Amino acid sequence: MLAMSTPISLELSINDDRVRASVPAHWTLLELLRYELGLTGTKQGCDKGDCGACTVLIDGKPQLSCLILAANAEGKKVQTIEGLQPAHRKAGGVGLDPVQDAFDRCGALQCGFCQSGMMLSARALLNENPTPDRTEIRQALSGNLCRCTGYTQIVQAVELAIAESTGAEPESPSWSDGNPWKSTTSLSGKNGGDA
Amino acid sequence: MKDFEYIQPETVEAATAALATKENADWATAKARVFGGGQDLLGEMKTGLEEPSALVNVKWIQGLGGVTQADGGNLKFGATTKLRALEGLFSSGAFQVLSEAAKTIGSPQIRTQATLAGNLCQRPRCLYYRRPEAKCLKKGGDECFAYGGYNKFNAILGGGPSYIVHPSDMGPALMALDAQIEISDSKGTTEMALDDFFTLPSDGDVTRENVLRPDQVVISLRTGLDTPSEWRSTYLKFQERDGFDFALSAVALSLRVQNGAITDARIVLGGVAPRPWRCREAEQLLLGSMEAASLAKRGAAAADAALLGAEPLEHNAYKVPLTKGLLQRALRQLTA
């Protein structure tokens, strides 16, 4: 059998931290994140590009960390779920990233395994297009599979984040009699309606 | 995934030199693989379908990605051009088929990383081929399990002895624009019609879907239309779900319209045959006036002609009316 290949030395930015690492050639970015750097918010689902749980943002674009060799991330700017709130605060925001906050308030998860990838795909979409319509949201999230929710609350969460960022009145969610978003601010985390 | 040597050349010459070993002249003995976006290859390596001892990454070679002008209004696309870059490029005209096809591929995550050449060279999605324990014809075995097995997703045209369908969307789209493919190895560069690049299982090597050798690198794809400004094109793909799926059937259609009449046409089917499937006789039936009633009649005749030789397997006869419908719908959309 072959000898082990020479480890690859690389330098990249992860959540605005400069990271130097030495990894075997066959390691994926996902393996580097989880097993070398301890960033376990990025999930290892199918590990072959079907589920999207391992989605991270590379230079702002959602990509599958399970189908990218760590060596290929050399010099790239990687953002994982751990970096979402810090990036929001660094940009002058308070509290959670609005996408995270909306996911929380809409209950857009059950088991939560898909959630970090789902929220990063949503964040990338909103960075590129702050007011996508429902079709565009569904297309942007089409690479992230959720086996629990049926996607309804996930799409609603993204729509809530959009509505609040534009100052529009959020649409009443299908599962509520009243409109729980009406009298809330994005920081209260409480249902303000009569639902 | 098994370990391998990771080679990152900076030029095409260095890449082809790294690939130019004796064992790499033949797929049966090849140990090195060209590595681009890796969206198919890494998956194959993880399931053990591929176990290369070296990957030659061509993605960082300068000048291998991007779009440039070619002769007579045609375009040249570098092999490592990302599918995501093609998505929003064309909303009308001769090249629209390329953006429409690119949009339907995989998920946003995959399109960001996947390359144009990789989409053409990806391996089949046949359920039996993808199962490591099934040693089918494609993997050097002596039986196509789909033929007598579960074949809902398999070929209705051009099948035998293997019944895979070619999974590429960019293949039919590029063939509808008479594309040429440029290929390099350590001895030099050649260009051929993309139509001649793809092969049928009955053409020779049943384990491959094209003529590319493991010591060769795809360099570019160039459209080859006569007067692209007179052409219009579209891509219609039918999937089981609306996003992130391969085609059950797809139609790439391009038409040359001069003085209100169709004077030339290309029909290339995806998802129904072991290679992008050009329908030359059906194309001829589309020529003529743009008058709606006549066009509808010719469209129906072309659809019948395109599927004339179809030989469905036990579970995929649905692809015949589906493909006929897609072709006629594509024609209506392009002539509306």
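All figures in this text were calculated on a predicted structure; none of them were measured in a lab. (Residues numbered from 1 in each chain as written. Chains lettered and ligands numbered in written order. Predicted model: local features only at pLDDT ≥ 70, side-chain atom pairs only at ≥ 80, totals over all residues. Heavy atoms only, no water.)

### Notes on the sheet that holds strand β8 (residues 217-222) of chain B
Backbone hydrogen bonds hold the strands of a sheet together, and the pairing may be parallel or antiparallel.
Residue and element names in this part refer to chain B.
In step 1: Judged by pairing direction, the sheet is antiparallel, and its five strands sit side by side in the order β4-β5-β8-β6-β7 without closing on themselves. Among the strands making up the open sheet, the edge pair consists of β4 (67-69) and β7 (188-193). The average angle at which neighbouring strand axes cross in this sheet is 25°, direction not considered.
In step 2: As judged from the five bridges shared by strand β6 (residues 180-185) and β8, these two strands associate in the antiparallel manner. The partner of E182 across the bridge, within β8, is S220. (Pairing = 2+ DSSP bridges. Helix = DSSP H or I, 4+ residues; strand = E, 2+ residues; numbered from the N terminus. Axes fitted to C-alpha atoms, helices over the stretch in contact; angles between N-to-C directions.)

### Points about a nonpolar patch on the surface
Residue and element names in this part refer to chain B.
In step 1: A grouping of L127, Y150 and F153 is seen on the molecular surface, where their side chains present a nonpolar patch of about 260 Å² in accessible area.
In step 2: Mapped onto the secondary structure, F153 falls in the loop between α8 (145-148) and α9 (170-175).
In step 3: Judged by relative accessible area, which is 30%, F153 ranks as partly exposed. (Patch = residues over 30% accessible without salt bridge, like charges linked within 9 Å, V, L, I, M, F, W, Y side chains within 5 Å. Areas by Shrake-Rupley, 256 points an atom, 1.4 Å probe, with all protein chains shown as cover. Salt bridge = Lys/Arg side-chain N within 4 Å of Asp/Glu carboxyl O. Buried < 20%, exposed > 50% of the residue type's maximum accessible area, 1.4 Å probe, protein only.)

### Some words on the packing of helix α3 (residues 98-106) of chain A against helix α4 (residues 115-128) of chain A
Residue and element names in this part refer to chain A.
In step 1: α4 packs onto α3 with a crossing angle of 130° between their chain directions and a minimal axis gap of 9 Å. As far as their axial angle goes, α4 and α3 are oblique. For the crossing formed where α3 meets α4, the hand is right-handed. Residues P98, V99, Q100 and F103 of α3 form the contact with α4, whose participating residues are Q115, M118, M119, A122, R123 and L126. (Parallel < 35°, antiparallel > 145°, perpendicular 65-115°, else oblique. Left-handed = near helix turned anticlockwise from the far one by under 90°. Contact = heavy atoms within 4.5 Å.)

### Some thoughts on empty space enclosed by the protein
All names here are of chain B.
In step 1: For the coordinates displayed, the defined rule picks out one cavity of 30 Å³ or more.
In step 2: Put simply, the largest cavity is a space of about 50 Å³.
In step 3: Lining of the largest cavity is provided by C126, Y128, Y129, C136, L137, K138, C144, F145, A146, S162 and I164.
In step 4: Classifying every residue of the lining of the largest cavity gives nine nonpolar, one polar and one charged. (1 Å grid on protein atoms, 1.4 Å probe; cavity = no way out; pocket = protein on both sides within 12 Å on 5 of 7 lines; lining within 4 Å. Points joined across faces, edges and corners; volume = space filled by probe spheres on them. Nonpolar A, V, L, I, M, F, W, Y, C, P; charged D, E, K, R; others polar.)

### Re α4(A)
All names here are of chain A.
In step 1: Along its 14 residues, α4 runs 20 Å from first to last C-alpha, staying within 8% of the 20 Å computed at 1.5 Å per residue.
In step 2: With respect to burial, α4 is a largely interior element, twelve of its 14 residues being buried.
In step 3: The complete set of buried residues in α4 reads Q115, S116, G117, M118, M119, L120, S121, A122, R123, A124, L125 and L126. (Expected span 1.5 Å × (residues − 1).)

### Topic: the domain arrangement of chain A
Residues and elements named next belong to chain A.
In step 1: Assigned domains within chain A: domain 1 (8-79) and domain 2 (85-191).
In step 2: Placing a centre on the C-alpha atoms of domain 1 and another on those of domain 2 gives a separation of 24 Å.
In step 3: The partner domain 2 presents 13 residues to the 17 residues of domain 1 that form the contact.
In step 4: Regarding the contact of domain 1 and domain 2, the summed buried area is about 1,100 Å², with carbon and sulfur atoms giving 57% of it.
In step 5: Inspection of the domain 1/domain 2 interface yields two salt bridges.
In step 6: One salt bridge connects E128 with K61, and the closest N-O pair in it is separated by 3.3 Å.
In step 7: Remark: the boundary between domain 1 and domain 2 carries six residue pairs in polar contact (both at pLDDT 80 or more).
In step 8: Breaking the side of domain 1 that touches domain 2 down by element, the ones donating at least two residues are β3 (55-58) and β4 (61-64).
In step 9: A per-element tally of the side of domain 1 that touches domain 2 places β3 first, with three residues.
In step 10: Looking at the side of domain 1 that touches domain 2 residue by residue, the classes come out as five nonpolar, eight polar and four charged. (Domains from an automatic or database assignment. Buried area = accessible area lost by both parts, 1.4 Å probe. Polar contact = N/O pair within 3.5 Å; in protein donor to acceptor, adjacent residues only side chain to side chain.)

### A word on the interface of chain A and chain B
Accessible area lost upon the coming together of the parts serves often as the stated size of an interface.
In step 1: With 33 residues of chain A at the contact, the number on the chain B side is 27 residues.
In step 2: For the pair chain A and chain B, the summed buried area comes to about 2,400 Å², and 59% of that belongs to carbon and sulfur atoms.
In step 3: Three residues stand out in chain A for area buried against chain B, namely H26(A), L67(A) and N72(A), and they jointly supply 25% of the buried area on that side.
In step 4: Taken together, the links from chain A to chain B amount to two salt bridges.
In step 5: A salt bridge links R84(B) to E128(A); the shortest N-O distance between them is 3.2 Å.
In step 6: At the junction of chain A with chain B, the criterion picks out ten residue pairs in polar contact (both at pLDDT 80 or more).
In step 7: For the side of chain A that touches chain B, the secondary-structure elements that each account for two or more residues are β4, α4 and α5 (134-140) of chain A.
In step 8: Tallying contributions element by element places β4(A) first for the side of chain A that touches chain B, with four residues.
In step 9: Its residues assigned to classes, the side of chain A that touches chain B shows 13 nonpolar, 14 polar and six charged.

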